[in-house]
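Structural features, examined
Next come the chains, spelled out residue by residue.
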Amino acid sequence: MKALSIRGLTKTYKGGHVALKGIDLDVQAGDFFALLGPNGAGKSTTIGIISSLVNKTSGTVSVFGYDLDTQLTDLKRQIGLVPQEFNFNQFETVQQIVVNQAGYYGVPREVAKQRSEKYLKQLSLWDKRNAPARNLSGGMKRRLMIARALLHEPKLLILDEPTAGVDIELRRSMWDYLEAINRQGITIILTTHYLEEAESLCRNIAIIDQGVIIENTSIKGLLATL
Ligand code: ADP
Ligand code: ADP
């Protein structure tokens, strides 16, 4: 089963900037996959298109068999997105932020409450459930966005630079949480510009540069060529 299949994906932004020049990408269900590349390579554009926040110019995208153009509602249900920016209301409490996500996916309120407990515990945020989000540390805020992204129980979790700008200790701790989530059977795709992160965490990798996939292999295969 494929978690993600992309064919001939292009993106030209208004103003004419070409961000993606026709990429193909496959990610198998259960994989822990890294999209690695320098700033400006097209990583955020790619995951923005997969999660339907950015319009593509041409090409096809399907997630667990659901086509982006014709089965958008089903496709969206498969995906939990953790963006790079902290995009929650800093004045709401941690648990409110997670529970409120239910509204977007038709998860009943009671179910959402139970699940918020489960995911906040898993991400070591249960003790903070009544704190306003603004009181959390940067690492906790990132974990809060992960708990929120899991609320509708997506099969694919997509994270945009989950450890950008954090020190190595915090990065390692974030990796442990992500590995535990992947072990539960959730496919993970993350973008990163740290080769080290891709190496330690991921099984398969695509390297993107200037809107072109220049390598698509297993981590073992990649290390063998270095
Ligand atoms: P990455 O995530 O790898 O840093 P992005 O996907 O954000 O790369 O950007 C790819 C290219 O598209 C960059 O050259 C960037 O400047 C450009 N770009 C990104 N977003 C926009 C936008 N909204 N309008 C115009 N150009 C953009
Ligand atoms: P408030 O306005 O409640 O203080 P902010 O949104 O300004 O909250 O952010 C709180 C803290 O989180 C600040 O220290 C800010 O630098 C940091 N922060 C905000 N967004 C990000 C981000 N995307 N990545 C890393 N740190 C961030």
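Residues numbered from 1 in each chain as written. Chains lettered and ligands numbered in written order. Predicted model: local features only at pLDDT ≥ 70, side-chain atom pairs only at ≥ 80, totals over all residues. Heavy atoms only, no water.

Brief notes about the packing of aromatic side chains
- The tally for this structure, following the rule as stated, stands at one aromatic pair.
- The lysine or arginine in question, Lys-11, covers the ring of Tyr-13, its NZ or CZ lying 4.9 Å from the ring centre. (Phe/Tyr/Trp six-rings, centres within 6.5 Å; stacked < 30°, edge-to-face > 60°. Lys NZ or Arg CZ within 6 Å of the ring centre and 35° of its normal.)

A look at the site of ligand 2
- Taken together, the neighbourhood of ligand 2 is formed by Gln-84, Glu-85, Phe-86, Gln-90, Arg-134, Lys-141 and Arg-142.
- With respect to ligand 2, the side chain of Lys-141 contributes an N or O atom lying 3.3 Å from an oxygen atom.
- Coverage of ligand 2 by the protein chains reaches 39% of its 550 Å² of free accessible surface.
- Taken together, the residues that form the shell around ligand 2 break down as one nonpolar, two polar and four charged. (Near = heavy atom within 4 Å. Polar contact = N/O pair within 3.5 Å; in protein donor to acceptor, adjacent residues only side chain to side chain. Areas by Shrake-Rupley, 256 points an atom, 1.4 Å probe, with all protein chains shown as cover. Nonpolar A, V, L, I, M, F, W, Y, C, P; charged D, E, K, R; others polar.)

Regarding empty space enclosed by the protein
- This model, assessed by the stated rule, comprises one cavity of 30 Å³ or more.
- The space that makes up the largest cavity amounts to roughly 40 Å³.
- Every residue lining the largest cavity is listed: Gly-138, Gly-139, Arg-142, Pro-162, Thr-163, Val-166, Leu-170 and Met-174.
- With three residues, the top contributor of residues to the lining of the largest cavity is helix α6 (residues 138–150).
- Partitioned by chemical class, the residues of the lining of the largest cavity number four nonpolar, three polar and one charged. (1 Å grid on protein atoms, 1.4 Å probe; cavity = no way out; pocket = protein on both sides within 12 Å on 5 of 7 lines; lining within 4 Å. Points joined across faces, edges and corners; volume = space filled by probe spheres on them. Helix = DSSP H or I, 4+ residues; strand = E, 2+ residues; numbered from the N terminus.)

Notes on unusual backbone geometry
- A positive phi angle, near 45°, is found at Phe-64, a position not held by glycine.
- Phe-64 gets classed as buried once you look at its relative accessible area, which sits at 8%.
- If you check the backbone angles, Glu-161 has positive phi at about 45° while not being a glycine.
- Within the secondary structure, Glu-161 sits in the loop between β7 (156–160) and α7 (168–183). (Buried < 20%, exposed > 50% of the residue type's maximum accessible area, 1.4 Å probe, protein only.)

Let's talk about the site of ligand 1
- Close to ligand 1 lie Tyr-13, His-17, Ala-19, Pro-38, Asn-39, Gly-40, Ala-41, Gly-42, Lys-43, Ser-44 and Thr-45, which account for all nearby residues.
- A distance of 2.8 Å separates an oxygen atom of ligand 1 from a polar side-chain atom of His-17.
- At 3.0 Å, a backbone N or O of Gly-42 approaches an oxygen atom of ligand 1.
- Protein chains shield 62% of the accessible area of ligand 1, which is 560 Å² for the free molecule.

Purely spatial values, then, with no claim about function.
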